[in-house]
Amino acid sequence: MRVRVRLIALDPHGAAPDGLGGSRDLDLPDGATLADGLRALGLEGAGMMVMVNDGPVPPESRADHGLADGDGITVFPPIQGG
Amino acid sequence: MSWQGKILRVDLTHRRCTAEPLNMDWAARYLGQRGLASKYLAEEIDPRVDPLAPGNKLIFATGPLTGTMSATGGRWSAVTKGALTNAIACSNSGGQFGAELKFAGWDFVIVEGRAEAPVYLWLEDDKAELLDAEGFIWGRSVWDTERLIRERHRDPLIRIASIGRAGEIGVRYACIVNDLDRAAGRSGVGAVMGSKNLKAVAVRGTTGVKAHDPAGFLAAVAATRGKLDPSPTRRRLAANGTMPMMDVTNAYGSLPTRNCQDVQFEHTDQVNAARMRKPRETDGKANLVRNKACFGCTIGCGRVARMDPTHFAVAGRGRERYRKAGGGLEYESGFALAAMVGVDDIEAATFANFVCNEHGMDPISFGGTLSAAMELFEAGLITPEQTDGLDLRFGSAEALVKTVELAATGEGIGADLGLGSKRLGEKYGRPDVSMSVKGQEFPGYDPRAMQGMGLAYATSNRGACHLRASPYTADFASVDTDGRAQVVKETQDENAAIDSTGLCAFTHGPWDIADYALQVDAACGGGWDAARLVATGERIHNLERRFNLAAGLTRADDTLPDRILKVAAKSGAGKGRVNDLHVMLPEYYRLRGWDENGVPTNETIQRLDL
């Protein structure tokens, strides 16, 4: 299956050149979970906040959260306001 | 120890400046800055005083780590009864002013009474004078004021905190600006300063700040910088400031849009961090020039921006200084001057932010008030006759550009805008259009998708605020209310303690409370540890609460606008939801040790040694 990944405000010295993320497609095997997807992105255990489509998925639920073809995954760090 | 042990009391009525010792017994229990100044205010004024009356006092307060080598040790606060809120106000700023005040030998300046004619306070180490402002800087902008004072006293290193036209004319959300674009921004502290006929505090200090244990302090600074400097948080803030939050809240559905009628803004990509970096078609330059830092800061979250010189806000209108680089948009000003008013023009928002800096207005409250006015205009309650034909509908960049200057000067519809959204809504018989708590406009988080933030807004002692508690991580993990009362209570206490140190809240995360305690203890002595710091924060929060209760606020003021409590969010993570404050508030009161009316019990008062 193919999911759409959107990265927001990630480490400016990390994957995204301007530190602001971007969108990309990610191919995963059928039956993959959200934890699998984060692992494929190299973001498992990075303390990121994650949404699937419009809903947040807390860390404790990601290993059991099955993904479907066409899902949108949004990932952002635990930033605070200012 | 890193307190100077000295307060300057400025009696404007009798034009008298007097030095007195800092109350070290209170410092041991309330630390400094927010906590200690709130203690002084609570002891010295009648909580029911009109905020704009001479009986109110205004305290310029540093913390024990202000002016030290601690990373971000440049913070200071203005503490008073707020003109916008009628509640206790503590507005926190950075820049260079706070450290300079400390270098001059003063922990606090307590301003009382009202000057017969406009004055400014000139501090040169321990020399303190009140000098005439009329015919010199009264009526001038913050930017002119800083330049003129430095020219008169022939010293480019003078640091100045002043009000602009907005503070002089009593705009309810006027702020105190220092170092051109750093501001004690919230709750109307600038209106209080203006009511006292005090235009500016100018300071030049040449003394140092001593640590109780110099070797231990150096080690504490090195250890804590070792955590802060390499952290992803610091790198993110240095690179993009706080603006990336715009994409986060938009994706999550908690971006206040068109006065909270929507929770996502369809033009976010025109006003976000990426847009700030994108070269313009007109001149090939980006809005964002670079970042900058306050005194002693190793983060550097500040934005320096330059406007498009061909933009209608400046082209052909003079305003040479608006073509130069200045304090740029951060998330809070960005959301308020764009999504909240429906404007998709980052140059217009930058212009409005420059005006807020130059004339001393809180851009959050200005944006929140303008958005309420736009809703009234679209409802036909504010008419084109009142706006001199200006189309005040949501999305109008022209309306944003024109009204921000009118608000700063009180001309035309600007007089209404200077009231703040609560008083504006009441004037037009529509109090429901005010997205505020205790009269203070919302920051950039809609509380329907972020349940904990709703509780934080409702229980903040200074009105709606995103810095009094930190439920972000919990709120971005789920949209329910579980555990929010605990998170809000605990982080309110922690943040009250941090706000009393002289350090910046943006260090929290890379640092835990023990890291602040380590530095405070080495700087001040006296046995500060994490538990004592948190207990101090809880004491401060309760002190502020008791002030507000004595001022006449009640449980009924711990609430949110009906739009948030009764009208479901249209989209995003919170789609179909309202804020369930009624679920969280009783639990919060219980965790606080308050009765069902939100009043601290005798047991709580004794436990906290209030």
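As the structure is a computational prediction, the values presented were derived from the model and not from experiment.

**A word on the overall build of chain A**
Consideration 1: Counting secondary structure elements, chain A contains one helix and five strands.
Consideration 2: Buried residues in chain A amount to 50% of all 82 residues.
Consideration 3: Excluding contacts between residues fewer than 6 apart, the proportion of contacts in chain A whose partners are at least 24 apart in sequence is 55%.
Consideration 4: Accessible surface computed for chain A: about 3800 Å², of which carbon and sulfur atoms make up 47%.

**Examining the domain arrangement of chain B**
Residues and elements named next belong to chain B.
Consideration 1: Domain assignment breaks chain B into domain 1 (6-204), domain 2 (257-434) and domain 3 (448-607).
Consideration 2: With centres defined by C-alpha atoms, the gap from domain 2 to domain 3 works out at 29 Å.
Consideration 3: Residue-level contacts link 13 residues of domain 2 with 11 residues of domain 3.
Consideration 4: Of all residues in domain 2, Cys-260, Val-263 and Ile-299 give up the largest surface area on contact with domain 3, accounting jointly for 39% of the area buried on that side.
Consideration 5: Our enumeration of links across domain 2 and domain 3 arrives at two salt bridges.

**Observations regarding the packing of aromatic side chains**
Two descriptors summarise a pair of aromatic rings, namely the distance from one centre to the other and the angle between the planes of the rings.
Residue and element names in this part refer to chain B.
Consideration 1: Evaluation of the coordinates by the stated rule reveals 21 aromatic pairs over all chains.
Consideration 2: Between Trp-76 and Phe-97, the aromatic rings sit 5.0 Å apart at their centres with planes inclined by 65 degrees, giving edge-to-face as the arrangement. Note that Trp-76 is positioned in strand 4 (residues 76-81) and Phe-97 in helix 3 (residues 97-103), a separation of 21 residues in sequence.
Consideration 3: For Phe-97, a relative accessible area of 0% corresponds to the buried category.
Consideration 4: Centroid distance Tyr-120 to Phe-136: 5.7 Å. Interplanar angle 50 degrees. Geometry classified as tilted. A residue pair is termed long-range when its members are at least 10 positions apart, and Tyr-120 in strand 7 (residues 119-124) and Phe-136 in the loop between strand 8 (127-132) and helix 4 (142-153) qualify at 16 residues.
Consideration 5: The exposure class of Tyr-120 is buried, given its relative accessible area of 0%.
Consideration 6: Residue class for Phe-136 comes out buried when judged on its relative accessible area of 13%.
Consideration 7: Clustering of aromatic rings is evident, with ring pairs tying together Trp-143, Tyr-322, Phe-351 and Phe-354.
Consideration 8: Seen from the ring of Trp-106, Lys-6 lies directly overhead, with NZ or CZ sitting 4.3 Å from the centre.
Consideration 9: Here Lys-39 stacks its cationic end above the ring of Trp-26, 5.3 Å away from the centre of that ring.

**Focus on the interface of chain B and chain A**
Consideration 1: Each partner contributes to the interface: chain B provides 29 residues, whereas chain A provides 24 residues.
Consideration 2: Contact between chain B and chain A buries roughly 2300 Å² in total, counting both sides, with carbon and sulfur atoms accounting for 66%.
Consideration 3: Connecting chain B to chain A are one salt bridge.
Consideration 4: Close ionic contact of A:Arg6 with B:Asp247 constitutes a salt bridge, the shortest N to O distance being 3.6 Å.
Consideration 5: Connecting chain B to chain A are one residue pair in polar contact (both at pLDDT 80 or more).
Consideration 6: Taken together, the residues of the side of chain B that touches chain A break down into 17 nonpolar, seven polar and five charged.

**Some words on the sheet that holds strand 7 of chain B**
All names here are of chain B.
Consideration 1: Strand order in the open sheet formed by six strands is 8-7-12-9-10-11, and the pairing between neighbours is mixed. Because the sheet does not close on itself, it has two edges, and the strands there are strand 8 and strand 11 (182-184). Geometrically, the sheet is characterised by an average inter-axis angle of 20 degrees between neighbouring strands, direction not taken into account.
Consideration 2: Inspection of the sheet shows strand 9 (residues 159-162) paired to strand 12 (residues 198-204) by four bridges, in the antiparallel sense.

**Looking at the nonpolar core**
Here is a general trend for soluble globular proteins: nonpolar side chains tend to be buried in one another's company.
Consideration 1: One finds B:Phe60 and B:Ile176 to be the most contacted residues of the largest nonpolar core, which totals 134 residues.
Consideration 2: Counting 48 residues, the second-largest nonpolar core is a separate cluster that includes B:Leu22, B:Leu31, B:Leu36 and B:Ala523.

**Quick look at the sheet that holds strand 4 of chain B**
Residue and element names in this part refer to chain B.
Consideration 1: Across the sheet, which stays open at both edges, the six strands sit in the order 2-1-6-3-4-5 with mixed pairing between neighbours. Strand pairing shows two members of the sheet lacking a second neighbour, strand 2 (16-21) and strand 5 (88-93), which therefore form its edges. Direction aside, the axes of adjacent strands within the sheet are offset by 20 degrees on average.
Consideration 2: The sheet contacts of helix 2 (residues 33-44) involve strand 1 (6-11), strand 2, strand 3 (57-62), strand 4, strand 5 and strand 6 (108-112), and relative to strand 3 the element is tilted by about 155 degrees.

**So, the confidence of the model for chain B**
Consideration 1: Taken over all residues, the pLDDT of chain B has a mean of 97, while the share at 70 or more is 100%.
Consideration 2: Per-element averaging of pLDDT across chain B places helix 8 (residues 232-240) of chain B at the bottom with 91 and strand 3 of chain B at the top with 99.

**Brief notes about the environment of B:Pro118**
All names here are of chain B.
Consideration 1: As for its placement among the helices and strands, Pro-118 is situated in the loop between strand 6 and strand 7.
Consideration 2: Put simply, Pro-118 and Ala-78 are 40 residues apart on the chain and 19 Å apart in space, counted from C-alpha to C-alpha.
Consideration 3: Beyond its immediate stretch of four places on either side in the chain, Pro-118 contacts Leu-131, Asp-132, Ala-133, Glu-134, Trp-138 and Asn-197.

Conventions used here
- Residues numbered from 1 in each chain as written.
- Chains lettered and ligands numbered in written order.
- Predicted model: local features only at pLDDT ≥ 70, side-chain atom pairs only at ≥ 80, totals over all residues.
- Heavy atoms only, no water.
- Helix = DSSP H or I, 4+ residues; strand = E, 2+ residues; numbered from the N terminus.
- Buried < 20%, exposed > 50% of the residue type's maximum accessible area, 1.4 Å probe, protein only.
- Contact = heavy atoms within 4.5 Å.
- Areas by Shrake-Rupley, 256 points an atom, 1.4 Å probe, with all protein chains shown as cover.
- Domains from an automatic or database assignment.
- Buried area = accessible area lost by both parts, 1.4 Å probe.
- Salt bridge = Lys/Arg side-chain N within 4 Å of Asp/Glu carboxyl O.
- Phe/Tyr/Trp six-rings, centres within 6.5 Å; stacked < 30°, edge-to-face > 60°.
- Lys NZ or Arg CZ within 6 Å of the ring centre and 35° of its normal.
- Polar contact = N/O pair within 3.5 Å; in protein donor to acceptor, adjacent residues only side chain to side chain.
- Nonpolar A, V, L, I, M, F, W, Y, C, P; charged D, E, K, R; others polar.
- Pairing = 2+ DSSP bridges.
- Axes fitted to C-alpha atoms, helices over the stretch in contact; angles between N-to-C directions.
- Core = buried A, V, L, I, M, F, W, Y, C linked by side-chain atoms within 4.5 Å.
- pLDDT = per-residue confidence, 0-100.

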